[in-house]
Amino acid sequence: MTARTIVLTGATDGLGRALAAELARNSANTLILHGRSRSRLDDLTADLADAPATIRTVRADLADLAQVHRLADDIEGLTDRVSVLVNNAGVGGGEPDGNDRRLSADGYELRFAVNHLAAFALTQRLLPLLDRGAPARIVNVASIGQAPIDFDDPFIEHDYSGVRAYGQSKLAMITTGFVLAERLDPQRVTVNSLHPATFMPTKMVLQSVGHSIDSLETGIHATLRLIDSPDLDGVTGQFFDRTKPARAHADAYDPSVKQRLWDLSTELTEKPRG
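Residues numbered from 1 in each chain as written. Predicted model: local features only at pLDDT ≥ 70, side-chain atom pairs only at ≥ 80, totals over all residues. Heavy atoms only, no water.

Q: Please provide a residue-by-residue account of the packing of aromatic side chains, values included.
A: Per the counting criterion, the structure on display carries 4 aromatic pairs. On the basis of an interplanar angle of 65 degrees and a centroid distance of 6.1 Å, the ring pair of Phe112 and Phe155 is categorised as edge-to-face. Placement of the pair is Phe112 in helix α4 (residues 110-132) and Phe155 in the loop between β5 (136-141) and α5 (162-183), with a sequence separation of 43 residues. Of the two residues, Phe112 and Phe155, neither departs from the other in class, the shared state being buried. Aromatic pair Phe120 and Trp262: ring centres 4.9 Å apart, planes at 75 degrees, arrangement edge-to-face. In this pair, Phe120 is assigned in helix α4 and Trp262 in helix α8 (residues 255-270), connecting sequence segments 142 residues apart. (Phe/Tyr/Trp six-rings, centres within 6.5 Å; stacked < 30°, edge-to-face > 60°. Helix = DSSP H or I, 4+ residues; strand = E, 2+ residues; numbered from the N terminus. Buried < 20%, exposed > 50% of the residue type's maximum accessible area, 1.4 Å probe, protein only.)

Q: So, the sheet that holds strand β1 (residues 4-8): which residues are in play, and what are the values?
A: The 8 strands lie next to each other as β3-β2-β1-β4-β5-β6-β7-β8, forming an open sheet whose pairing is mixed. The sheet is open, and its two borders are formed by β3 (54-59) and β8 (244-246), each paired with just one other strand. Direction aside, neighbouring strands of the sheet carry axes that sit 25 degrees apart on average. As paired elements, β1 and strand β2 (residues 29-35) share 5 bridges and run parallel to each other. The residue of β2 that forms the bridge with Arg4 is Asn29. (Pairing = 2+ DSSP bridges. Axes fitted to C-alpha atoms, helices over the stretch in contact; angles between N-to-C directions.)

Q: With reference to specific residues and values, describe the nonpolar core.
A: Core analysis: the largest hydrophobic core is formed by 45 residues, its most contacted members being Leu62, Ile75, Leu122, Leu126 and Leu130. Top contributing element to this core by residue count: α4, with 13 residues. Apart from the residues lying within four places of it in its own chain, the contact partners of Leu126 are Ala72, Ile75 and Leu85. Counting 27 residues, the second largest nonpolar core, distinct from the first, contains Leu48, Val86, Ala222 and Leu226. (Core = buried A, V, L, I, M, F, W, Y, C linked by side-chain atoms within 4.5 Å. Contact = heavy atoms within 4.5 Å.)

Q: Lay out helix α7 (residues 216-228) in plain terms, naming residues and giving numbers.
A: Along its 13 residues, α7 runs 18 Å from first to last C-alpha, staying within 8% of the 18 Å computed at 1.5 Å per residue. Tucked into the core, α7 has its buried residues touching β1, α1 (14-23), β4 (84-87), β5, β6 (189-195) and β7 (238-241). (Expected span 1.5 Å × (residues − 1).)

Q: Would you mind going over the pairing of β6 in detail, with residue names and values included?
A: The side chains of a regular strand alternate between both faces of the sheet. With 7 of its 7 residues buried, β6 lies for the most part within the structure. Covered by surrounding structure in β6 are Val189, Val191, Ser193 and His195 together with Thr190, Asn192 and Leu194, the residues of both alternating faces. Relative to β6, β5 runs parallel, the two being bridged by 6 bridges. Directly across from Arg137, in β6, lies its bridge partner Thr190. The β-α-β motif built from β5, the intervening α5 and the parallel element β6 has right-handed crossover chirality. Alignment of β6 against β7, held across 4 bridges, turns out to be parallel. Its bridge partner lying in β7, Leu194 is registered against Phe240. (Right-handed = clockwise from strand over helix to strand, strands pointing away.)

Quick look at the structure:
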């Protein structure tokens, strides 16, 4: 077995916690598991105490870009290379994070900040570690639910809905993933996004939607495939609906949208807080 270091955000609940448990079965894995709550990270560590993998935990609130950068610092302090980065943490379209418009610590719309900007910033910071871990993979846990970005109102100050904000943030994650895939050597680092499953029975889904459609196992299987499968060696710049190649929203392939979104994301994540 090849030793790997896997960074997984949003590991204390839902799909992330289930993925952590599966990945912890492999003694060759070192897992760096992220969560927002220290107590939940401690609970997760206790649950995985007998697992063969090596477990490390890191805490950060992804609604605060300063904490995202400290998270990258903490990961750099734990390892000199990363084999897989799974950007899984996110805020859904409704409860438990509310249906009303909320702002991040930096004054950005919350879902765009957590689901897209935090993942974008963390990925950029960890690129040197991923290159040293080559062949490495970046896996973006996105959604089939996507909404176009209004560049005149990217934080949706008008006509806001949680579902629209969620869809916009996931399209942003996919689109910048496509751009990054074009910029990296796929023999060293690949970048792919997926819709893992529809309405899995997670807390986020049950509190927001009230029912599930796909099983949690469907999402686990689809995401593990992007993490592990040798069939995806060198495959990059793709979007998958569960395990099948799929087309994202048309805007994700528009060169002008891709460049404009990349520039906006770079500006927002590099802008000093004042």
